[in-house]
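This is what each chain is made of:
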Amino acid sequence: MDRHNSLDAFFRPTSVAVVGASATPGSVGSILIRNLLANPFGGVVYPVNPKRKAVHGVLAYPSLLDLPEAVDLAVIATPAATAPTAIEQCVARGVPAAIIISAGFSELGAEGRALEQRIRTLAAGKMRIVGPNCLGIIHPSSGMNASFASSMAKAGRVALLSQSGAVCTSILDWARDRNIGFSTFVSVGTMLDVDFADLIDYFGDDPATRSIVLYMESVGDVRKFVSAARAVARTKHIIVVKAGRHEAGARAAASHTGALAGADAVFDAAVRRAGILRVTTIPDLFNMAEILAQQPAPRGPGLAIITNAGGPGVMATDALMLGGGQLAPLSQASLDALSAVLPPFWSHGNPIDILGDAPPDRYSQALDICAKDPGVNGLLVLLTPQAMTDPTETARRLAPFAKIEGKPVLASWMGGMDVRAGRAILSGAGVAAFDSPEAAIHAFLNLVQYRRSQDLLYEHPAALPEDWQPDQARVRTLIAAVRASGRTLLTEPEAKDLLQCYGIPTVQTLTAPSAEEAVTAARKIGYPVALKLWSETITHKSDAGGVLLNIADAAGVRSAFAKIQENAAGYIRDHGLHTDAFRGVTVQSMVRAKGYELIVGSSVDVQFGPTILFGAGGVLVEVFQDRALGLPPLNRTLARRLIERTQIAKALQGIRGERPIPMAELETLLVRFSYLLCDFLEIQEIDINPLLASPDRLVALDARVVLAPPDRPKPRLAIEPYPNQHTAAWRLPNGTDIVVRAIRPEDEPLIEAHHRTLSEQSIRMRFFSLVKTLSRDSLIRLCHLDYAREMALVAERKNAEGKPEIIGVSRYYMNPQTRAAEFAVIVSDAYQGQGLGQHLMERLIAVARERGVRQLVGAVLRENQRMFALMRELGFREAKSTDRDAVTVVLDL
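Residues numbered from 1 in each chain as written. Predicted model: local features only at pLDDT ≥ 70, side-chain atom pairs only at ≥ 80, totals over all residues. Heavy atoms only, no water.

**Brief notes about the overall build of the protein chain**
Then step 1. For the protein chain, the count of helices and strands is 29 helices and 38 strands.
Then step 2. In summary, the protein chain has a C-alpha radius of gyration of 32 Å against a globular reference of 29 Å for 893 residues, a match within 12%.
Then step 3. Referenced to the eigenvectors of the C-alpha coordinate spread, the extents of the protein chain come out at roughly 100 × 80 × 70 Å.
Then step 4. Counting over 893 residues, the protein chain shows a buried share of 57%. (Helix = DSSP H or I, 4+ residues; strand = E, 2+ residues; numbered from the N terminus. Rg over C-alpha atoms; globule rule 2.2 N^0.38 Å. Buried < 20%, exposed > 50% of the residue type's maximum accessible area, 1.4 Å probe, protein only.)

As structure tokens, this is what we get:
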């Protein structure tokens, strides 16, 4: 691996220089040297101090340039103004990594940001930097303590990444008291270079790390962070506490780190999409890391509560329901089985009150029955120490239930000394034991949220209609016309025209500059009609008295026109607008369908870019606040999950005898809306409010679109969108027309079908073994790509029935640290020998170059002579290989 891109030097250095090493007691430079010397890591320590011959008995050197060797790691603890000189010396000596402890950078404003930029320019492509304004790094397994923390961390399997040095020291002290250990302890500071994403990638590949926990104030590079988290969250637990939930807290975080914090609800949407669990306290970080290491995440929110006292059961139920959980409905078989083993006066429902005299076997019998109930997703056992209770023996009886497939088991042994031994037994068995029902419920709800976030990484989305394409050319023309007129606000007819270009149905809308033209338009549409203010500057028509509904005749239209004109004149006068703000009215048909008013909208977050809002709409949208946020692009599964996070979702599915609305159509509408946002980043805001949803149709009754000023840079999407630009037609020599495009999650069935067309020989050449069927995990890995770091191009043809078939695939996966990528290619047996493999590889190489891949690397079985011939044709070279059966081929890009 490239020494100047790998992060290994931070965690496994063989030599460390401390710039600013000091013998002054209590100084940062003194504590750094003391920690490195007191915790032998198997390497050499070089103090750097031009004013001293030795520091703590170790020979000191005037500068990095005077060291007898190029060290692996430099730790810089001199004033901020001197840091660029130290980095310049690092580059001159070929030092691959530095930790800048010093404060006084971007958190202090423009002068500090200029210092950071100087350092960034000096180090670019030559070395990696952690900090500045950080505590340092502790790597317990190697014994390295390159920090000014007061003590060494205990070894464990949790990597802690924190943006606050003070929080780091507090966690270290707190963890020591609770016997919690760490694989690594990193204070990232203001993340001038190495950021959360780099470290998540690194510890995602670290076998010593089981969970990654973060204390975060700002995200850094959003797309890079989401990309890294999505890649690692499938194999390791990532848990985050983010400060700045409230606007005041966000301002404090920004002043602390010198970085924008972004809206908290948008951050929630991002971590949910990335498969991360967000918690609210530092203890939760480690509780959940421990619980997830020992217990499965539940498949649903249904909890069975077993208790020997009614009060705690009620407390647990309240906390569960208020937090969005559910009491699991017990099957009749479970109720009968419980009645057979419990006293007659048990609660006969959930919570399962097994009464105050419950001996240990009553607990174990009840738990065994509930664990077998298919409607139960998780189990909580409550115990209060009563005269007849044996907390310790009860814990022993429950310990064997610690590992129930797919169902977490939690406990609350309430009390002090009497239950301490029981809690220890449960904890030792892998059952998290809490001292209150509410704490246990809080943990269960965190597990539910974690499972929901993980499901988003694994669910197979339904396909969209194949016969639909957006009219992008029409949208570009429309936006250009609005720009040419000097406007950023689209009129309502323009906004609806834009939505129709993306398949979003809108109500028929005609413009009318005069009352008589409004009457003509109303006759054309048919009564009753609605009249709305037509303006190029007034954004909220209702606020200006510009909406009148249910107008039944020509006289009503004339009256309504005059009323809207009068109201608009008052609004224009009161707000100092130009008189031409009133252009007339729009005339629209009154939709008589009974349904629900929804809102679908978007705005641009300062950090995360375009966001999607869905919820209950209408004029009271800001009063009820029933909404959920997501990030584009969406697929139908993501759209469905977005809908489900609102209260109105229950009504949309049909309640009190009402028919449900067409949910598949609503999901498709949201997906198309997300495509619009991805394709036209110049859109600053969109409101479709209301979107009328009835059992028979969806229709946008009103729409508002605002463009960003033309001189404002386009925002960056938090998640790499589907790369439509890589889609192109091609024809095989036998005349078969194909389309080469990037793979989609919806392609899972097509990839499965393609695999079934392959001969055993083709499978062995591709996978080096006989992989007869693709597992669910394999399909996820092959089809659910993060286009920021991986790409798969599929060759698709239409069969005799007009249905799509995949006949070939080329793909690469890029290591984000080195930007080298492993590649593979395979073609269905029936289409081999026609140049398709070469075409797919040529296209893949072009895409890799465009996306900054530095090198393509692959392994080829020695017997695969056709592949060797293709590789030579494409310019690959053979690299040294110790494998007896395979050869590594490399193409430098």
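**Looking at the packing of aromatic side chains**
Then step 1. Evaluation of the coordinates by the stated rule reveals 16 aromatic pairs.
Then step 2. Both rings, one in Phe182 and one in Phe286, keep their centres 5.7 Å apart while their planes meet at 85°; by these two values the pair is edge-to-face. Taken together, the residues span a long stretch of sequence, with Phe182 in strand E11 (residues 182–187) and Phe286 in helix H10 (residues 282–294) at a distance of 104 residues.
Then step 3. Judged by centre distance (5.9 Å) and plane angle (75°), the ring pair of Phe561 and Phe582 falls under edge-to-face. With Phe561 in helix H20 (residues 554–574) and Phe582 in the loop between H20 and strand E24 (584–589), this pair connects stretches of sequence that are 21 residues apart. (Phe/Tyr/Trp six-rings, centres within 6.5 Å; stacked < 30°, edge-to-face > 60°.)

**Brief notes about the sheet that holds strand E22 (residues 529–534)**
Then step 1. Spatially, E21-E24-E22-E23 is the arrangement adopted by the four strands of the open sheet, whose pairing is antiparallel. This sheet does not close on itself; its edge strands, each paired only once, are strand E21 (509–512) and strand E23 (547–551). Pairs of neighbouring strands in the sheet enclose a mean axial angle of 25°, with direction left out of account.
Then step 2. Both E22 and E23 contribute to a ladder of three bridges, which runs antiparallel. In the sheet register, Lys532 faces E23, and the bridge partner there is Val547.
Then step 3. With respect to the sheet, helix H18 (residues 492–500) is in contact with E21, E22 and E24, its orientation differing from that of E24 by roughly 45°.
Then step 4. Here helix H19 (residues 515–525) sits on the sheet in contact with E21, E22 and E24, set at roughly 10° to E24. (Pairing = 2+ DSSP bridges. Axes fitted to C-alpha atoms, helices over the stretch in contact; angles between N-to-C directions. Contact = heavy atoms within 4.5 Å.)

**Side note on the environment of Gly570**
Then step 1. Tracing the chain through its elements places Gly570 in helix H20.
Then step 2. Note on Gly570: relative accessible area 12%, which makes it buried.
Then step 3. Spatially, the C-alpha atom of Gly570 lies 8.2 Å from that of Ala544, the residues being 26 residues apart in sequence.

**Describing the pattern of salt bridges**
Then step 1. Taken as a whole, this structure holds 46 salt bridges when the rule is applied.
Then step 2. Here Arg210 and Glu290 are joined by a salt bridge, their closest N and O atoms 3.9 Å apart. Of this pair, Arg210 sits in the loop between helix H6 (196–204) and strand E12 (211–216) while Glu290 is found in helix H10, placing the two residues 80 residues apart along the sequence.
Then step 3. Owing to a relative accessible area of 41%, Glu290 belongs among the partly exposed residues under this scheme. (Salt bridge = Lys/Arg side-chain N within 4 Å of Asp/Glu carboxyl O.)

**Quick notes on the nonpolar core**
Then step 1. Among the nonpolar cores identified, the biggest contains 65 residues, and Phe10, Ile99 and Leu214 are the most heavily contacted of them.
Then step 2. Other than its neighbours up to four places away in sequence, Phe10 contacts Leu73, Ala97, Ala98, Ile99, Arg128, Ile129, Val130, Ile137, Met144 and Val194.
Then step 3. Within the second largest apolar cluster, 51 residues are counted, among which are Leu732, Ile738, Leu758 and Leu836. (Core = buried A, V, L, I, M, F, W, Y, C linked by side-chain atoms within 4.5 Å.)

**What to know about the packing of helix H22 (residues 636–644) against helix H24 (residues 663–679)**
Then step 1. Closest axis-to-axis distance for the H22/H24 pair is 8 Å, and the angle between their directions is 105°. By the angle between their axes, H22 is roughly perpendicular relative to H24. Across the interface between the two elements, Arg636, Ala639, Arg640 and Ile643 from H22 touch Met663, Ala664, Leu666, Glu667, Thr668, Leu670 and Val671 from H24.
Then step 2. For the contact of H22 with H24, a count of residues per class yields seven nonpolar, one polar and three charged. (Parallel < 35°, antiparallel > 145°, perpendicular 65-115°, else oblique. Nonpolar A, V, L, I, M, F, W, Y, C, P; charged D, E, K, R; others polar.)

**Things to note about the packing of helix H17 (residues 472–484) against H18**
Then step 1. Where H17 meets H18, the axes come as close as 9 Å, and the angle between the chain directions of the two elements is 160°. Classed by the angle they form, the pair H17 and H18 counts as roughly antiparallel. The handedness of the crossing between H17 and H18 comes out as left-handed. Across the interface between the two elements, Arg474, Val475, Leu478, Ile479 and Val482 of H17 pack against Glu494, Asp497 and Leu498 of H18. (Left-handed = near helix turned anticlockwise from the far one by under 90°.)

**Section: the side chain of Asn35**
Then step 1. Residue placement: Asn35 occurs in helix H2 (residues 28–38).
Then step 2. A polar atom in the side chain of Asn35 sits 2.8 Å from the backbone oxygen of Ser147.
Then step 3. Every residue in contact with Asn35, bar those within four places of it in the chain, is listed here: Asn145, Ser147, Phe148 and Ala149. (Polar contact = N/O pair within 3.5 Å; in protein donor to acceptor, adjacent residues only side chain to side chain.)

**Notes on the side chain of Thr184**
Then step 1. Tracing the backbone through its elements, the reader meets Thr184 in strand E11.
Then step 2. Those residues in contact with Thr184, other than ones at most four positions away along the chain, are Phe11, Ile137, Ile138, His139, Pro140, Val158, Ala159, Leu160 and Phe203.

**Considering the pairing of strand E15 (residues 302–307)**
Then step 1. Of all six residues making up E15, six are buried, and the element is well covered by its neighbours.
Then step 2. On E15, burial covers both faces: Gly302, Ala304 and Ile306 on one face and Leu303, Ile305 and Thr307 on the other are all buried.
Then step 3. Both E15 and strand E16 (residues 326–327) contribute to a ladder of two bridges, which runs parallel. For Gly302, the partnering residue across the bridge sits in E16 and is Gln326.
Then step 4. For the crossover from E15 across helix H11 (residues 310–322) to E16, the handedness is right-handed. (Right-handed = clockwise from strand over helix to strand, strands pointing away.)

**Considerations on the environment of Ser603**
Then step 1. Following the sequence through the fold, Ser603 ends up in strand E25 (residues 596–605).
Then step 2. Along the primary structure Ser603 and Ile683 are separated by 80 residues, whereas in three dimensions their C-alpha atoms are 8.3 Å apart.
Then step 3. Setting aside its immediate chain neighbours within four residues, Ser603 contacts Gly609, Pro610, Thr611 and Gln684.

**A closer look at unusual backbone geometry**
Then step 1. Omega for the peptide link from Pro632 to Pro633 comes to 0°, which places this bond in the cis form.
Then step 2. Turning to its location among the elements, Pro633 is positioned in the loop between strand E27 (627–630) and H22.
Then step 3. In this chain, Asn689 is followed by Pro690 through a cis amide linkage whose omega measures 5°.
Then step 4. Here Pro690 is to be found in strand E28 (residues 683–693).
Then step 5. In the Ramachandran plot, Leu355 falls in the positive-phi region, its phi being about 80° despite a non-glycine side chain.
Then step 6. Positionally, Leu355 belongs in the loop between strand E17 (352–353) and helix H13 (360–371).
Then step 7. Even without a glycine there, the phi angle at Asn550 is positive, about 55°.
Then step 8. Inspection of the secondary structure puts Asn550 in strand E23.

**Things to note about the sheet that holds strand E32 (residues 737–742)**
Then step 1. Pairing in this open sheet of eight strands is mixed, and the strands run E31-E32-E33-E34-E35-E36-E38-E37 from one edge to the other. Of all the strands in the sheet, just strand E31 (728–731) and strand E37 (877–878) have a single pairing partner and so form its edges.
Then step 2. Relative to strand E38 (residues 886–892), E37 is paired through two bridges, and the arrangement is antiparallel. Within E38, the residue paired with Glu878 across the bridge is Val889.
Then step 3. Set on the sheet, helix H25 (residues 748–756) makes contact with E32, strand E33 (790–798), strand E34 (804–814) and strand E35 (820–827); between it and E34 the angle comes to about 100°.
Then step 4. Along the sheet face, helix H26 (residues 760–767) touches E34, E35 and strand E36 (855–861) and points at about 175° away from the line of E35.

**Some points on a nonpolar patch on the surface**
Then step 1. Side chains of Val619, Leu620, Val623 and Phe624 sit close together on the surface and give an oily, nonpolar patch of about 450 Å² of accessible area.
Then step 2. Along the polypeptide, Val619 turns up in the loop between strand E26 (609–616) and helix H21 (621–624).
Then step 3. Residue classification places Val619 among the exposed residues on the basis of a relative accessible area of 72%. (Patch = residues over 30% accessible without salt bridge, like charges linked within 9 Å, V, L, I, M, F, W, Y side chains within 5 Å. Areas by Shrake-Rupley, 256 points an atom, 1.4 Å probe, with all protein chains shown as cover.)

**With respect to the environment of Gln653**
Then step 1. Within the secondary structure, Gln653 is located in the loop between helix H23 (648–652) and H24.
Then step 2. Its relative accessible area of 47% is what places Gln653 among the partly exposed residues.
Then step 3. Put simply, Gln653 and Pro690 are 37 residues apart on the chain and 18 Å apart in space, counted from C-alpha to C-alpha.

**Some remarks on the confidence of the model for the protein chain**
Then step 1. Summing up the model confidence of the protein chain, the mean pLDDT is 92 and the portion of residues at 70 or higher is 97%.
Then step 2. Segment residues 253–262: pLDDT under 50, and 27 contacts once partners within four positions in sequence are set aside and those in other chains are kept. (pLDDT = per-residue confidence, 0-100.)

**So, H20**
Then step 1. Compared with an ideal rise of 1.5 Å per residue, which puts 21 residues at 30 Å, H20 spans 30 Å between its outermost C-alpha atoms and is within 8% of the ideal.
Then step 2. Ala554, Val557, Ala560, Phe561, Ile564, Ala568, Gly570, Tyr571 and Ile572 are the residues of H20 that are buried.
Then step 3. Phi turns positive one or two residues past the end of H20, at Gly576, with a value near 65°. (Expected span 1.5 Å × (residues − 1).)

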